[in-house]
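Close look at the chain arrangement
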Amino acid sequence: MSGTGDRIACAGLGRERHLAALGERLEALGEHLGKLERLVDGEHREKVLQTGAALRRFSPVVNVVGQIKAGKTALINSLAESGGVLPTDVNPWTAVVTSLHLNSAETAGEAAVFRFFTAEEWDQLTCEGGRAGLLARSAELETELATLKRQMAEVHAKAKARLGRNFDMLLGAEHRFNSYDRALIERYVCLGMDDGEAGTRRGRFADLTRSADLYMQAPRFGAPITLRDTPGVNDPFLVREQVTLRSLGDTQVCVVVLSAHQALSTTDLALVRLLTTMNDNQILVFVNRIDELDDPAAQVAEIRERIRDTFAMRRMAAEVPVLFGSALWANAALGGSLDALPPASRRTLAAAIARDGAADPAAGPAAGHTAGQDEIAAAWAASGVPALQARIAALIEAGDGRRQVRTLAGQALNIARQAEARLRAAPRDPAREPNALDTEALFARINPMTARLNGRMETITDTAWIALQRELHRLINAYAERESAAFAAALDRQGQVPEWTPDPVAFRQSLGTAYYAFLAEVQEQTQALYDEAAREIRTLYGLVLAEGAMPARIEPPQVPFTAAPTTLGAALTVDMSSGWWTGWFARFRSSRTKAAQLARQIRTEARGVVQGLEEGHIGPVFRDYRAVLADFLEEHCATLYDLVPDDGRGEQTGTGRWLGRRAADKARLLVIAELTAGLEALFDAPGRPAPAAAEPLKALEATR
């Protein structure tokens, strides 16, 4: 396989290209930045280069999570149309966070990068027992902790034996390749391989691999996109939980893959726990393997209702789109032949195509197609993958795609307008115009303005965080009291070791609801403050420059992307199996003591989650919000100081004369005017609204 991955070319699969409009806007933005870079110098040129680097890094992340054997890796292969680059015939496969970077501008000529755990991370996993070990120590479960340590010591010994003297050298290292094939990928990401297998090197480095990044081109998508195969929701020891949670932080879209045989239920606690860290409008549900149902058209309505019921029980939004399909059909269609499909699956597909009318034998083949190509195109449509691709693209277009274009176009616009102001270089003369500002007067205006705006930013974030803390602790105390009361009642009914099951998912959902309400309010207030800062800066330009020279408008900065609060998804003791609780309760004699200790344990662990939220999430988020405002003010204030007269004769200071009044200025101004018009169009362009939910089969629609 080449460095960009082998592509599948199947002429009968339609020509729809997703994210094409976003790709055009990104390309246009890149061209504008290239022109702007040639017009400016100094700090402004450096700012343009930074904006260009951010543009090249942009690749919205689609995280794919799912149940065991739901077929999520096969689905990722079909979404990427990758030719089956990710192995699906290995059990277990998804043991490492694996990202497919489609159409990335940041490959630097490399096709695959595998990164290993650092020595500190490896020790935390194997010596401390990961998250499960932390919980066992917190609850003082010595037996369970000893078992965890023994199991993880076996993992450590096995990895060291497999890698020999290379073990220590690999920790913290990374391996890079300019091409890859399935054998190479399996060597780094497939756990569970038997070391005694002859002629195979599967899983050689997998124990130590923290992440895998693969780069390829995907003509179906008109813009960069990253598909991420995420492990960890079924790991009983939680040893990779933190890696999994961190990988979810930058998610723009989360695709939850369920099996048609086992739709989402209350038993999928680990999966639902991850979903509580996401905003509902980020989530798509794809029910895979409808090819294995006896009668998909008749069973889909029942499956959908079951999923909706679970969402309702977990207080998740009922509007989360639920799509149905088959990755098996999609990959067969991408391969150009349906011959390898199992007979039962082939019959189900034929019935679905007949009901859908995608291939009408009486009508004959489409123009330029053979009958076989029509059947393959119908299978592709029936697979539900095109509908899922379109839904993902729509969420990105209207969400992170629009936000990123506005952010980067706004930055470029402000640089262009500052360059225009310096080129025009027509300051007002304080000696003749009483309202004009000299350096001293400008300083007297800028200092209190920046102090006031930055102070308000501090007030917004501090006040909101105090209110959120209060609400989170209220929810924690209420949950602790509710669970301890339920446990005490079970003790009264059943005796010393009752059959009692805690309900941490509803608790987590309430935490997530409180967080996202807090975030929406903070973001709204922050954007309003950014808008006010832009207005005040423009007012200062009006006091410094003559009317014809001042910028027509100043674009406010945009609130930065805010990562998901993955800390809220960290496992608690209440998430563990009943065996843990049996040992834990045995330490206490009286029923009252057991109930009280349960409440104390819940409060202690949950407050630790809140502390982690503050230190690992809220703190960095607020620092970003404050830095955006501070950088915006600093950049414009520096330009204003350069433009203001320093001696009362209308002479500009320092770099205020950086381009002088040469004839070439007129040509530059024309170019800047053209750039500004193009950037304004990008900044003001509305995001494409998400389409109505679509199903892969018309017959399935009728069952709603």
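Each chain carries its own residue numbering, running from 1 in the written order of its sequence. Under the rules for a predicted model, residues below a pLDDT of 70 receive no local features and side-chain atom pairs below 80 are neither given nor counted, while totals for whole chains, interfaces and linings still include all residues. The basis for the side-chain values is all heavy atoms of the structure; hydrogens and waters are excluded.

Numbering of helices and strands runs from the N terminus; a helix is a DSSP stretch of H or I covering at least four residues, while a strand is a stretch of E covering at least two. Within the protein, the secondary structure is distributed over 21 helices and 9 strands. The burial tally for the protein puts 53% of its 704 residues in the buried class. Contact definition: two residues touch when any of their heavy atoms are within 4.5 Å. Pairs at least 24 residues apart make up 84% of the contacts formed inside the protein by residues separated by at least 6 positions. For the exposure calls, accessible area comes from a 1.4 Å probe over protein chains only, and a residue counts as buried if that area is under 20% of its type's maximum, exposed if over 50%, partly exposed in between.

Our next topic: the sheet that holds strand β2 (residues 97–102). Pairs of strands are assigned from DSSP output, requiring at least two bridges between the strands. With mixed pairing, the 9 strands of this open sheet are ordered in space as β4-β3-β5-β2-β6-β1-β7-β8-β9. At either margin of the open sheet sits one strand with a lone partner, and together these are β4 (174–177) and β9 (322–324). Each neighbouring strand pair of the sheet contributes to a mean axis angle of 20°, computed without reference to strand direction. Every angle, taken between N-to-C directions, lies between 0 and 180 degrees, and every axis is a line fitted to C-alpha atoms, over only the stretch in contact when it is a helix. Helix α8 (residues 182–189) rests against β2, β3 (112–116), β4 and β5 (209–216) of the sheet, and its axis sits at about 15° to β3.

Moving on to the pattern of salt bridges. For this document, the term salt bridge refers to a Lys or Arg side-chain nitrogen within 4 Å of an Asp or Glu carboxyl oxygen. In the structure shown here, the tally under the stated rule is 28 salt bridges. The salt bridge partner of Glu 532 is Arg 452, with a shortest N-O separation of 3.6 Å. With a gap of 80 residues between them, Glu 532 in helix α17 (residues 504–544) and Arg 452 in helix α16 (residues 439–494) connect regions that are remote in the sequence. Of the charged contacts in the structure, one is a salt bridge between Arg 553 and Glu 555, with a shortest N-O distance of 2.3 Å. Judged by relative accessible area, which is 27%, Arg 553 ranks as partly exposed. Taking relative accessible area as the criterion, Glu 555 reaches 2% and is therefore assigned buried. Among the charged side chains, a salt-bridge network with shared partners connects Glu 110, Arg 115, Glu 174, Arg 176 and Asp 213.

Looking now at the packing of aromatic side chains. Each Phe, Tyr or Trp ring (for Trp, its six-membered ring) is paired with any other whose centre lies within 6.5 Å, and the angle between the two planes then decides the class: stacked below 30 degrees, edge-to-face above 60, tilted in between. For the structure on display, the rule yields 11 aromatic pairs. Look at Phe 114 and Phe 177: their rings are 6.0 Å apart centre to centre, the planes differ by 70°, and that puts the pair in the edge-to-face class. Taken together, the residues span a long stretch of sequence, with Phe 114 in strand β3 and Phe 177 in strand β4 at a distance of 63 residues. Exposure remark for Phe 114: the relative accessible area of 0% places this residue in the buried category. Note on Phe 177: relative accessible area 25%, which makes it partly exposed. Ring centres of Tyr 188 and Phe 205 lie 4.8 Å apart, and the angle between their planes is 20°; on these two criteria the pair is classed as stacked.

Our next topic: the packing of helix α1 (residues 20–39) against helix α15 (residues 385–424). Packing of α1 against α15 leaves a shortest axis separation of 11 Å and a crossing angle of 15°. By the angle between their directions, the pair α1 and α15 is classed as roughly parallel. Relative to α15, α1 is oriented so that their crossing is left-handed. Every residue of α15 that contacts α1 at Ala 20, Ala 21, Leu 22, Arg 25, Leu 26, Leu 29, Leu 33 and Leu 36 is listed here: Ile 396, Glu 397, Gly 401, Val 405, Leu 408, Ala 409, Ala 412, Ile 415 and Ala 416. Amino acids are sorted into nonpolar (Ala, Val, Leu, Ile, Met, Phe, Trp, Tyr, Cys and Pro), charged (Asp, Glu, Lys and Arg) and polar (every other residue, Gly among them). Each residue belonging to the contact of α1 with α15 can be placed in one class, and the counts come to 14 nonpolar, 1 polar and 2 charged. Each angle receives one of four descriptions, namely roughly parallel if under 35 degrees, roughly antiparallel if over 145, roughly perpendicular if within 65 to 115, and oblique otherwise. Handedness of a helix crossing follows the sense of rotation of the near helix relative to the far helix, less than a right angle counterclockwise being left-handed and clockwise being right-handed.

Next up on the list: the pairing of strand β1 (residues 61–66). Most of β1 sits out of view: 6 of its 6 residues are buried. Neither face of β1 is open: one carries Val 61, Asn 63 and Val 65, the other Val 62, Val 64 and Gly 66, and all of them are buried. Examined bridge by bridge, β1 and strand β6 (residues 225–229) share 4 bridges and lie parallel to one another. Bridged to Val 61 within β6 is Thr 226.

The next subject is the side chain of Asn 414. Assignment of secondary structure puts Asn 414 in helix α15. Excluding its chain neighbours within four sequence positions, the residues that come into contact with Asn 414 are Ile 554, Glu 555, Phe 632 and His 636.

So, about the packing of helix α3 (residues 72–80) against α15. Between α3 and α15, whose axes approach to 10 Å, the crossing angle comes to 75°. When the axes of α3 and α15 are compared, the pair comes out roughly perpendicular. Residue-level inspection shows Leu 75, Ser 78 and Leu 79 of α3 in contact with α15, the latter providing Val 385, Leu 388, Gln 389 and Ile 392.

Before going further, it helps to examine the environment of Thr 566. Positionally, Thr 566 belongs in the loop between α17 and α18 (578–585). Thr 566 sits 46 residues away from Gly 612 along the chain, and the two C-alpha atoms are 9.9 Å apart.

Quick look at the nonpolar core now. If you look at the biggest cluster of nonpolar residues, it comprises 177 residues, and the most contacted ones within it are Leu 100, Val 255, Val 285 and Ile 392. No other element matches helix α19 (residues 591–643), which puts 18 residues into this core. Those residues within four positions of Leu 100 in sequence are excluded, and the remaining contacts are Ile 76, Ala 80, Val 85, Leu 86, Leu 214, Met 216, Ile 225, Thr 226 and Leu 227. By nonpolar core we mean a set of buried residues, namely Ala, Val, Leu, Ile, Met, Phe, Trp, Tyr and Cys, connected to one another through side-chain atoms within 4.5 Å.

Let us now look at α1. With 20 residues, α1 should cover 28 Å at 1.5 Å per step; its first-to-last C-alpha distance of 29 Å lies within 8% of that length. The set of residues buried in α1 consists of Leu 22, Gly 23, Arg 25, Leu 26, Leu 29, His 32, Leu 33, Leu 36 and Leu 39. Working rule for helices: expected span equals 1.5 Å times residues minus one.

Per-chain confidence: the protein averages 78 in pLDDT, with 73% of residues scoring 70 or above. Think of pLDDT as the predictor's per-residue confidence, scored from 0 to 100. Low confidence marks residues 647–661, where pLDDT is under 50. Its contacts with residues over four positions away, or in another chain, come to 35 contacts. Confidence drops under pLDDT 50 across residues 688–704; counting only partners more than four residues distant or on other chains, this segment forms 46 contacts.

Our focus in this paragraph is unusual backbone geometry. Peptide bonds are trans in most cases, and residues, glycine excluded, mostly fall at negative phi. Phi angles above zero are rare outside glycine, and Glu 81 is one such case at about 50°. Along the chain, Glu 81 falls in the loop between α3 and β2.

To continue, consider α19. Compared with an ideal rise of 1.5 Å per residue, which puts 53 residues at 78 Å, α19 spans 76 Å between its outermost C-alpha atoms and is within 8% of the ideal. At every residue, the bend is computed as the angle between two fitted axes, covering the seven residues ending there and the seven beginning there respectively. Of all bends in α19, the biggest is about 40°, found at Ile 618, and the proline Pro 620 comes one to four residues later.

With that out of the way, let us pick up the environment of Ala 352. Mapped onto the secondary structure, Ala 352 falls in helix α13 (residues 343–356). With 61 residues separating them in the primary sequence, Ala 352 and Asp 291 have C-alpha atoms 9.5 Å apart.

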